[in-house]
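Residues per chain are reported as follows:
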Amino acid sequence: MAKLWAVIRREYMERVRSRWFLVATVFGPVLLGILLILPPLLALRTKASEDAANIRILDATGTGLGDRIAAAMPRTPSAPMPQVFNVAPGSLTAAESTATHAVVRNDVRGYLVLDAKTLAGDSARYAGRNASSIGDMEMLTTIVRRSVVLTRLEQAHVDSATAARLAEIRPKLATERLNERGRGGSGMVNAFAGFGIAFLLYMTIVLYGQTVLRGVIEEKNTRVAEVVVASVPTDTLLAGKVLGVGAVGITQQVIWLVTGFVMAKLRAPVLTALGAKADPVSFPPVSPASLLVLVLFFVLGYVFYSSLFAAVGAMVNNEQDAQQASMPVILLLITPMLFLQTILVNPASRTAEVLSWLPFSAPIIMPLRMVSSSVPWMEVGLTILGVLTACGVAVWLAARIYRVGLLMYGKRPSLSELGRWIRASR
Amino acid sequence: MPDLAIEIDRITKSFAGHTAVKDLSLSVPKGAVYGLLGPNGAGKTTTIRMILDILEPDSGSIRILGRPHTDHGITDRIGYLPEERGLYKKMQVRRVLRFLAALKGVEAREADARITKWMERLELRTAEKDWGTAKVDELSRGMQQKVQFIGTLLHEPELVILDEPFSGLDPINAQALKDIVVDLKRQGRTVIFSTHLMESAERLCDSVCIIAHGEKVLDGGLTEVKSRHGGRFVALALADGAAAATPVLRDPALVKRADDSNRTLEVELAPGAEPQTLLERLVDAGARIDRFELVQPSLHRIFLDAVGAKGVEEGVTGHG
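Calculation criteria
- Residues numbered from 1 in each chain as written.
- Chains lettered and ligands numbered in written order.
- Predicted model: local features only at pLDDT ≥ 70, side-chain atom pairs only at ≥ 80, totals over all residues.
- Helix = DSSP H or I, 4+ residues; strand = E, 2+ residues; numbered from the N terminus.
- Buried ≥ 20, exposed ≤ 12 C-beta atoms within 10 Å, placed from the backbone.
- Contact = placed C-beta atoms within 7 Å.
- Nonpolar A, V, L, I, M, F, W, Y, C, P; charged D, E, K, R; others polar.
- Domains from an automatic or database assignment.
- Core = buried A, V, L, I, M, F, W, Y, C linked by C-beta atoms within 7 Å.
- Pairing = 2+ DSSP bridges.
- Axes fitted to C-alpha atoms, helices over the stretch in contact; angles between N-to-C directions.
- Parallel < 35°, antiparallel > 145°, perpendicular 65-115°, else oblique.
- Left-handed = near helix turned anticlockwise from the far one by under 90°.
- pLDDT = per-residue confidence, 0-100.
- Expected span 1.5 Å × (residues − 1).

Draft legend 1. Quick peek at the overall build of chain A. When helices and strands are counted, chain A shows 18 helices and 6 strands. Taking all 426 residues of chain A together, the buried fraction comes to 37%.

Below, the structure is given as structure tokens:
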């Protein structure tokens, strides 16, 4: 037990002390902070620009639609107001070419063409320097639509006050997920949380599984393995390595999650201070029980994959060989990620269900399903049982391969040799 | 029966179709310096790995310090220096040593005190420089080897097993290691080392075991092995080449075999021949003699005779 502890401590301390750990642990939250703060700030940029109203309106409808639009344009003290040209339908082409010149001379930013088709609800045309600005165009489209509706209402003899009231709509889709227990919070939030958790689990398993792999290769290459196994049984060494590296992973995750949580809480105040509008980040409702299950899945998934990676490390002598030899393990690990999008779109689909049951993908997909839809506890329990069994098999196989492979140098074993390693007592 | 540090009883180990160690039995008395000699590939490392319970013998038994070698805690009483040496390259020297000590159950503070003592003795810690805080790969090869010796001995093992300890050592480190071995013996510890370098074995060992092809060829105390080998040997050095002496040394009535190692000849006398006669004949032939001494057979000679009979494998380097 003291020896296991010594191995765990070495694996843990040497990694936590490394510069790589420091960089990754600091960089994670910084990246998260950027992700939280930057999009709303960028969204600010997609709002209509200050001088979006500096346009020429060519109105060939003869209904005063152009004036109505001009009046609806946002007023800023710095920018000039739209110039409205009421033109006859026949002289529209000439007016357009004059307007084009005005845009080229930078007198105005662009021009808007309104004709009979516009009033019919078909189309309006805009040409200008800011035609590719999403914010400007969105604003213009909204104003044109509203003005057309208002004009039509007036033509139908609705009084202008009623017309204004009728045309006032602010459609915004609020989404909410429902499950058998009732309301389960915002659907988008759950999907994001599900994706986030699946991705975090995947990343961590890949990252730290490979760390175990490299650790084993290092011990083989530096030949330190023989000194160590003369003092410690190989099973203890393997367990210590997997647990020590796993503890590093958990340390990093905890730091990330805590800083992530704090940052999400700080996001709204920071954005408000920067002058952007911010909705507070909402967290999916996760009960302590499901949090525990989540951690359990992470630990089991990590143990499953890292012991397989350790076995691969014991089979090879260098990192190039390791890349090839670890392909089967990587493929297992990637499979759930390939289906991630399908599953996110419909977490209740058959694909999602099957992948959340299979032991090799369950540690990644089951937590996702649990967060983004609801899974019966019975099903979760059976899956955990399955993953536990798979873990047992993986650890048993890995321990046997590791024991023989650790002191074997030379070419990689063939499958039949590997079988002999597994059967060999020691 | 004297107290035995190691008692091996008919162990056999096979790997995928070839037998590395076959029916090997040997006893190492406590407090002895014991040489496990044999050509490359003879099964020395496999035997050592079985003693350390890294490999399990297919059959036979091993007892260490009076207990079965698989007993809990027995490896804590053994210090092992493998043939292929290595340490964690990116770790600080002192931390590596602390780790190795912890693996043997040495308490941290005690380990630190011993590390300091050893590092000072082997000049890894001087008034100007303490290499303890340097990373292993910042050290020269010689220094890394010293660190490895320290790691082998930190837990003050009763039994020290050194696999080819002299390979790759510069003369200074080789001397340091020999001093350590002598010290260990003085403290009553048992030292086993495997080597194919007969000169170091001859200088250090109390007892030897020669193995070839996984089988024991001979074993016993060094003096006993030498007297058992029989024959009378003369160490001969000639001042001006061997030309004048050649006809005399080729006389089968007088000389059974002459082994020329350039500066000294090891001459085995033919049965019934007298050393005095050889000396007279050499003087008569006009050879100028620098040295003429009755000696016991060298371990090198014994090794070649013993292993030669079993057929020496390729790559054997009997002389060092």
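There is more to say, and it comes next.
Draft legend 2. Molecular detail of the overall build of chain B. Within chain B, the regular secondary structure consists of 10 helices and 14 strands. Overall, the C-alpha framework of chain B stretches about 70 × 50 × 35 Å when taken along its three principal axes. In chain B, which comprises 320 residues, the proportion classed as buried is 41%.

Draft legend 3. Fine view of the interface of chain B and chain A. Taken residue by residue, the interface counts 22 residues in chain B and 19 residues in chain A. A total of 4 residues in the side of chain B that touches chain A trace back to one element, the largest contributor, which is helix α2 (residues 93-103) of chain B. Per-class residue counts for the side of chain B that touches chain A are 13 nonpolar, 4 polar and 5 charged.

Draft legend 4. The environment of Leu42 of chain A, seen in detail. Residues and elements named next belong to chain A. Note on placement: Leu42 falls in helix α2 (residues 19-46). Under the C-beta neighbour-count criterion, Leu42 is labelled exposed, with 10 such atoms within 10 Å. Along the primary structure Leu42 and Val232 are separated by 190 residues, whereas in three dimensions their C-alpha atoms are 56 Å apart.

Draft legend 5. Region of the structure containing the domain arrangement of chain B. Structurally, chain B comprises domain 1 (4-226) and domain 2 (231-296). The gap between the C-alpha centroids of domain 1 of chain B and domain 2 of chain B is 40 Å.

Draft legend 6. Inspection of unusual backbone geometry at higher detail. Residue and element names in this part refer to chain B. Residues other than glycine seldom take positive phi values, yet Asp23 does so here, at roughly 50°. With respect to the secondary-structure elements, Asp23 resides in strand β2 (residues 18-29). Look at Asp23 and you get partly exposed, because 14 C-beta atoms sit within 10 Å. Here the phi dihedral of Glu164 falls at roughly 45°; this positive angle occurs in a residue that is not glycine. Residue placement: Glu164 occurs in the loop between β7 (159-163) and α5 (171-186). Judged by local crowding, Glu164 falls into the buried class, with 22 C-beta atoms found within 10 Å.

Draft legend 7. Main features of the nonpolar core. Ranked by internal contacts, the top residues of the largest apolar core, which has 146 residues, are Ala310 and Ala398 of chain A together with Val96, Ile161 and Ile210 of chain B. In terms of residue count, the dominant contributor to this core is helix α11 (residues 288-315) of chain A (15 residues). With residues near it in sequence (within four places) discarded, Ile210 of chain B still touches Leu37, Gly38, Val217, Leu218, Phe303, Ala306 and Val307 of chain B. Grouped together as the second largest cluster of nonpolar side chains are 22 residues, Ile55, Ile57, Ala70 and Val144 of chain A included.

Draft legend 8. Examining the sheet that holds strand β2 (residues 83-86) of chain A more closely. All names here are of chain A. In spatial order, the strands read β2-β1-β3-β4; together these 4 strands make up an open sheet with mixed pairing. Here the strands that pair on one side only, and so sit at the sheet edges, are β2 and β4 (125-128). Shown here is a sheet whose adjacent strand axes are inclined to one another by a mean of 15°, direction ignored. Seen against the sheet, helix α3 (residues 65-72) touches β1 (55-59), β2 and β3 (110-114) and runs at an angle of roughly 155° to β1.

Draft legend 9. Inspection of the packing of helix α1 (residues 2-16) of chain A against helix α10 (residues 234-274) of chain A at higher detail. Residues and elements named next belong to chain A. Contact geometry of α1 with α10 gives a least axis separation of 8 Å together with a crossing angle of 40°. Between α1 and α10, the angle is such that the two are oblique. α10 is crossed by α1, and the crossing has right-handed handedness. Between α1, through Lys3, Leu4, Val7, Ile8, Arg10, Glu11, Tyr12, Arg15 and Val16, and α10, the contact on the second element is made entirely by Thr236, Leu237, Ala239, Gly240, Lys241, Leu243, Gly244, Val245, Ala247, Val248 and Thr251.

Draft legend 10. Inspection of the confidence of the model for chain A at higher detail. Residue and element names in this part refer to chain A. For chain A, the average pLDDT comes to 82, and 88% of its residues sit at 70 or higher. Within chain A, strand β6 (residues 182-183) has the poorest average pLDDT of any element, 48, and α1 the best, 92. Here residues 181-185 is modelled with pLDDT under 50, and outside its nearest four sequence neighbours on either side it reaches 12 contacts, counting other chains as well.

Draft legend 11. Inspection of the sheet that holds strand β9 (residues 207-212) of chain B at higher detail. Residue and element names in this part refer to chain B. Here 6 strands make up an open sheet; going across it, the order is β6-β7-β8-β3-β9-β10 and the pairing mixed. Looking along the sheet, the strands with just one partner apiece sit at the ends: β6 (78-81) and β10 (215-221). The sheet shows a mean angle of 15° between the axes of neighbouring strands, direction not considered. Pairing between strand β3 (residues 33-37) and strand β8 (residues 190-195): 5 bridges, direction parallel. Bridge pairing in β8 places Leu37 opposite Thr195. Set on the sheet, helix α4 (residues 141-153) makes contact with β6 and β7; between it and β6 the angle comes to about 160°. Strands β9 and β10 of the sheet are contacted by helix α7 (residues 222-229), whose axis makes an angle of about 110° with β10.

Draft legend 12. Spatial organisation of α4 of chain B. In this model α4 of chain B runs 19 Å from its N-terminal to its C-terminal C-alpha over 13 residues, within 8% of the 18 Å that 1.5 Å per residue would give. All of the buried residues in α4 of chain B are Gln145, Lys146, Val147, Gln148, Phe149, Ile150, Gly151 and Thr152 of chain B. Residues of α4 of chain B that are buried in the fold lie against α9 (224-229) of chain A together with β6, α2, α3 (108-121), β7 and α5 of chain B.

Draft legend 13. Representation of the confidence of the model for chain B in the model. Residues and elements named next belong to chain B. Predicted confidence across chain B gives a mean pLDDT of 87, with 95% of residues reaching 70 or more. The spread of mean pLDDT over the elements of chain B runs between helix α10 (residues 299-310), the lowest at 80, and α2, the highest at 95. Throughout residues 311-320 the model reports pLDDT below 50, and contacts reaching past four residues in sequence, or to other chains, amount to 19 contacts. Interface confidence for the predicted complex, expressed as ipTM, amounts to 0.81; the pTM equals 0.75.

Draft legend 14. Layout of the pairing of strand β4 (residues 59-64) of chain B. Residue and element names in this part refer to chain B. Pairing of strand β1 (residues 4-15) with β4, which is carried by 5 bridges, proceeds in the antiparallel orientation. The partner of Glu7 across the bridge, within β4, is Arg63. Where β4 meets strand β5 (residues 67-68), 2 bridges bridge the pair, whose relative direction is antiparallel. Residue pairing across strands places Ile64 opposite Arg67, the latter belonging to β5. Counting the residues that bridge the hairpin from β4 to β5 gives 2 residues, and of these Leu65 lies at a positive phi of roughly 50°.

Draft legend 15. Quick look at the environment of Gly90 of chain A. Of note, Gly90 of chain A is situated in the loop between β2 and α4 (92-104). Sequence spacing of Gly90 of chain A and Ala60 of chain A is 30 residues, and the spatial spacing of their C-alpha atoms is 8.7 Å.

Draft legend 16. Quick peek at the pairing of β10 of chain B. Taken together, the 6 bridges between β9 of chain B and β10 of chain B define a ladder with antiparallel strand orientation. Paired with Ile210 of chain B across the strands is Leu218 of chain B, a residue of β10 of chain B.

Draft legend 17. Looking closely at the packing of α10 of chain A against helix α17 (residues 377-405) of chain A. Residue and element names in this part refer to chain A. As a packed pair, α10 and α17 sit with axes 9 Å apart at the nearest point and diverge in direction by 115°. As for how α10 packs across α17, the hand of that crossing is right-handed. Residues Thr234, Asp235 and Leu238 of α10 lie in contact with α17, whose contacting residues are Ala398, Ala399, Tyr402 and Arg403.

Draft legend 18. Fine view of the environment of Glu138 of chain B. Looking at the secondary structure, you find Glu138 of chain B in the loop between α3 and α4. Remark: the alpha-carbon pair of Glu138 of chain B and Val93 of chain B, spanning 45 residues in sequence, is separated by 9.6 Å.

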